[in-house]
Amino acid sequence: MLLVIRLYISTILTSLKDVKYLTFLLILETAFFLMAKFSYAGLRFQYLTLFAFLCILPRCAVMRSPDRAIFLALIFTVGILGFASKARNIVDGANVGDSPFIPYQLFWEK
């Protein structure tokens, strides 16, 4: 969720031409974040929305604007933050239970 918000802010700060589609993706991400509170499927939908966001970035108007270098620096920063948070989750979840990447239990496992 934080990655999409940071990408959204980075894109909107440098170019306002693609606001509708990016806002739609941000609303979807928020809805899937709320879904993730109840179902593991919400996390998968969040990754799908993040993938859609990253696929649309090369077509955004900011890639052809004079602020392209600033935007790419912001995207690089977001990538570093994403990598750091994923690495922290992997290290924190090592040797804990069956699988640290599946936080939910199925109803027949209880």
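Residues numbered from 1 in each chain as written. Predicted model: local features only at pLDDT ≥ 70, side-chain atom pairs only at ≥ 80, totals over all residues. Heavy atoms only, no water.

K.L.:
Would you mind going over the nonpolar core with me for this structure?
P.N.:
For soluble globular proteins, the rule of thumb is that nonpolar side chains tend to be buried together. Formed by 15 residues in total, the largest nonpolar core has its most connected members in Val 4, Leu 7, Tyr 8, Leu 22, Phe 53, Leu 57 and Cys 60. Counting only elements with at least two residues in this core, the list comes to α1 (2–14), α2 (19–36), α3 (41–56) and α4 (68–92). Every residue in contact with Leu 57, bar those within four places of it in the chain, is listed here: Leu 7, Thr 11, Met 63, Phe 71 and Ile 75. (Core = buried A, V, L, I, M, F, W, Y, C linked by side-chain atoms within 4.5 Å. Buried < 20%, exposed > 50% of the residue type's maximum accessible area, 1.4 Å probe, protein only. Helix = DSSP H or I, 4+ residues; strand = E, 2+ residues; numbered from the N terminus. Contact = heavy atoms within 4.5 Å.)

K.L.:
Even after reading the chapter, I still don't get the packing of aromatic side chains, so can you show me in this structure?
P.N.:
For any pair of aromatic rings, the description consists of the separation of the ring centres together with the inter-plane angle of the planes. The full count for this structure, using the stated rule, is 1 aromatic pair. Relative to Phe 45, the ring of Phe 32 has its centre 4.9 Å away and its plane inclined at 25°; by these criteria the two rings are stacked. Linking Phe 32 in helix α2 with Phe 45 in helix α3, this pair joins segments that are 13 residues apart in sequence. Owing to a relative accessible area of 34%, Phe 45 belongs among the partly exposed residues under this scheme. (Phe/Tyr/Trp six-rings, centres within 6.5 Å; stacked < 30°, edge-to-face > 60°.)

K.L.:
Explain the confidence of the model for the protein here, please?
P.N.:
Low pLDDT means the predicted atomic positions in that stretch should not be read closely. Taken over all residues, the pLDDT of the protein has a mean of 82, while the share at 70 or more is 85%. When the elements of the protein are averaged for pLDDT, α1 gives the smallest value, 83, and α2 the largest, 90. (pLDDT = per-residue confidence, 0-100.)

K.L.:
Explanation requested: the environment of Ser 10 in the structure shown.
P.N.:
Relative to the helices and strands, Ser 10 resides in helix α1. Residue class for Ser 10 comes out buried when judged on its relative accessible area of 6%. It is 9.9 Å that separates the C-alpha atoms of Ser 10 and Val 62, two residues lying 52 residues apart in sequence. Dropping the residues within four chain positions of it, Ser 10 is found in contact with Phe 71, Leu 74 and Val 78. Among the polar contacts listed, one links the side chain of Ser 10 to the backbone oxygen of Arg 6, at a separation of 2.8 Å. (Polar contact = N/O pair within 3.5 Å; in protein donor to acceptor, adjacent residues only side chain to side chain.)

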